[in-house]
Amino acid sequence: GAVVSQHPSRVICKSGTSVKIECRSLDFQATTMFWYRQFPKKSLMLMATSNEGSKATYEQGVEKDKFLINHASLTLSTLTVTSAHPEDSSFYICSAIAGGRETQYFGPGTRLLVL
Amino acid sequence: SQQGEEDPQALSIQEGENATMNCSYKTSINNLQWYRQNSGRGLVHLILIRSNEREKHSGRLRVTLDTSKKSSSLLITASRAADTASYFCATVLTGGGNKLTFGTGTQLKVEL
């Protein structure tokens, strides 16, 4: 149990385009989902916390208009990287947690390359 | 600054040996968790230890927590080549809800 999927697993796009990444909890209801960014050989940096049905809470330094997060249901959150630039190239990982629980379950990640 | 610092940054051992990784943090925590990440993949939750616990075991894993020193260690006994991965500690700060703050990670390589 406790499986989280991400789609796509990797994406290459041109500079200026927008990219949407989906995060789904497959076998549990995720009241909260988190979005992280990871640079090569570095740790994970939390970008935002997303609660179902409400606006996401962004970490300091993360542009809300650049990284749009929607958590429309208890099993799906999406991250849209708008007007992507090469510096947005990174590994994006989501995690999900069920209400009242402590353990976050992570998706397999999405590798974004912006040309 | 980042909450958790881990050492060593990289560790290379022979199969069958034990691997110890350390994590230090700076502020009061609710719990501390250890995760494993294979190259280019997502994270796998290994173990959670609460602030009122001192030691926890799970299979070949042993985690200790010293809140007075604000440090934790992860011991992997009888390591296997398949244990090769990056290991991260992550803390849930007191009053921080469920937000995880990750450490810098230790890259473990277990050689045959």
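**Q** Please explain the state of the cysteines as it appears in this structure.
**A** When the sulfur atoms of two cysteines share a covalent bond, that bond is a disulfide. In total, this model carries two disulfides over all chains according to the counting rule given. Covalent S-S linkage joins C23 of chain A and C94 of chain A, the inter-sulfur distance amounting to 2.0 Å. With the S-S dihedral at roughly 80°, the linkage between C23 of chain A and C94 of chain A falls on the right-handed side. With C23 of chain A in strand β3 (residues 19-25) and C94 of chain A in strand β9 (residues 90-98), this pair connects stretches of sequence that are 71 residues apart. Assessed through its relative accessible area of 0%, C94 of chain A is described here as buried. Between the sulfur atoms of C23 of chain B and its disulfide partner C89 of chain B the distance amounts to 2.0 Å. Residues C23 of chain B and C89 of chain B are joined through a disulfide that is right-handed, its torsion about the S-S bond being 65°. Remark: C89 of chain B occurs in strand β9 (residues 85-93) and C23 of chain B occurs in strand β3 (residues 19-24); sequence separation between them is 66 residues.

**Q** Hey, could you run me through the interface of chain A and chain B in this one?
**A** Accessible area lost on assembly of the parts is the figure often given for the size of an interface. Residue-level contacts link 21 residues of chain A with 20 residues of chain B. Of the roughly 1500 Å² buried between chain A and chain B on both sides combined, carbon and sulfur atoms contribute 51%. Of all residues in chain A, S43, E102 and F106 of chain A bury the most surface against chain B, accounting for 34% of the area lost on that side. In this assembly, chain A and chain B are joined by two salt bridges.

**Q** Looking at this model, I keep getting lost on the packing of aromatic side chains. Mind explaining?
**A** Any two aromatic rings considered together are summarised by their centre-to-centre distance and by the angle between their planes. Applying the stated criterion across every chain, the model contains nine aromatic pairs over all chains. A ring pair is formed by Y36 of chain A and F102 of chain B, whose centres lie 5.6 Å apart and whose planes are at 90°; its orientation type is edge-to-face. With Y36 of chain A in strand β4 (residues 30-38) and F102 of chain B in strand β10 (residues 100-102), this residue pair bridges two chains. Linked through ring pairs, F34, Y36 and F106 of chain A together with Y35, F88 and F102 of chain B together constitute an aromatic cluster.

**Q** It is not clear to me how the environment of M47 of chain A should be interpreted in this structure. Could you clarify?
**A** Residues and elements named next belong to chain A. The residue M47 is located in strand β5 (residues 44-51) in this model. M47 sits 10 residues away from R37 along the chain, and the two C-alpha atoms are 6.7 Å apart. Setting aside residues no more than four positions away along its own chain, M47 makes contact with W35, Y36, R37, T57, Y58, E59, V62, F67 and Y92.

**Q** In this structure, what is going on with unusual backbone geometry? I would like to understand it.
**A** The general pattern is negative phi for most residues beyond glycine and trans for most peptide bonds. Here the amide bond leading from H7 of chain A into P8 of chain A is cis, since omega sits at 0°, within 30 degrees of zero. If you trace the backbone, P8 of chain A turns up in the loop between β1 (4-7) and β2 (10-13). Here D7 of chain B and P8 of chain B are connected by a cis peptide whose omega angle stands at 0°. For P8 of chain B, the location among the structural elements is in the loop between β1 (5-7) and β2 (10-14). Non-glycine residue S83 of chain A carries a positive phi angle of around 45°. Turning to its location among the elements, S83 of chain A is positioned in the loop between β8 (76-81) and β9. Even without being glycine, A78 of chain B reaches a positive phi, approximately 45°. Since its relative accessible area comes to 39%, A78 of chain B is described here as partly exposed.

**Q** Mind showing me how you'd approach the pattern of salt bridges here?
**A** Two side chains carrying opposite charge are able to pair once their charged atoms lie near each other. This model, assessed by the stated rule, comprises seven salt bridges over all chains. Taking the shortest distance from any N to any O, the salt bridge between R50 of chain B and E102 of chain A comes out at 2.2 Å. In this pair, R50 of chain B sits in strand β5 (residues 43-50) while E102 of chain A sits in the loop between β9 and β10 (105-106), so the two residues belong to two different chains.

**Q** I keep staring at the sheet that holds β8 of chain A and nothing clicks. Help me out?
**A** The strands making up a sheet associate through backbone hydrogen bonding, with each pair oriented either parallel or antiparallel. Residue and element names in this part refer to chain A. Strand order in the open sheet formed by four strands is β1-β3-β8-β7, with antiparallel pairing between adjacent strands. Of all strands in the sheet, those with a lone pairing partner are β1 and β7 (67-73), marking the two edges. Strand after strand, the sheet turns through a mean of 15° between neighbouring axes, direction not considered. Two strands pair when backbone bridges link them, and β1 and β3 are joined in this way by four bridges, in the antiparallel orientation. Along β3, the bridge assignment pairs S5 with R24.

Rules used in this analysis
- By convention here, each chain's residues receive numbers from 1 onward along its written sequence.
- Whichever chain is written first becomes A and whichever ligand is written first becomes 1, with later ones labelled in order.
- Local features in this predicted model are restricted to residues whose pLDDT is 70 or higher, and side-chain atom pairs enter the listing and the counts only when it is 80 or higher, whereas totals over whole chains, interfaces and linings include all residues.
- With hydrogens and water stripped out, all remaining heavy atoms of the structure feed into the side-chain values.
- In this description, the term disulfide denotes a pair of cysteine sulfurs within 2.5 Å.
- Each helix is a run of H or I in the DSSP string that is no shorter than four residues. Each strand is a run of E no shorter than two, and both are numbered from the N terminus.
- A simple rule labels every residue: compare its accessible area, found with a 1.4 Å probe on the protein chains alone, to the largest value its type can have, and call it buried under 20%, exposed over 50%, or partly exposed in between.
- Note on contacts: a residue pair is in contact if any heavy atoms of the two residues lie within 4.5 Å.
- By definition, the buried area sums, over both parts, the 1.4 Å-probe accessible area that each loses when the two are put together.
- We define a salt bridge as a side-chain nitrogen of Lys or Arg found within 4 Å of a carboxyl oxygen belonging to Asp or Glu.
- Think of it this way: a Phe, Tyr or Trp ring, Trp meaning its six-membered ring, pairs with another when their centres are within 6.5 Å, and the plane angle makes it stacked under 30 degrees, edge-to-face over 60, tilted otherwise.
- Should DSSP find at least two bridges between two strands, the strands are regarded as paired.
- Every angle, taken between N-to-C directions, lies between 0 and 180 degrees, and every axis is a line fitted to C-alpha atoms, over only the stretch in contact when it is a helix.

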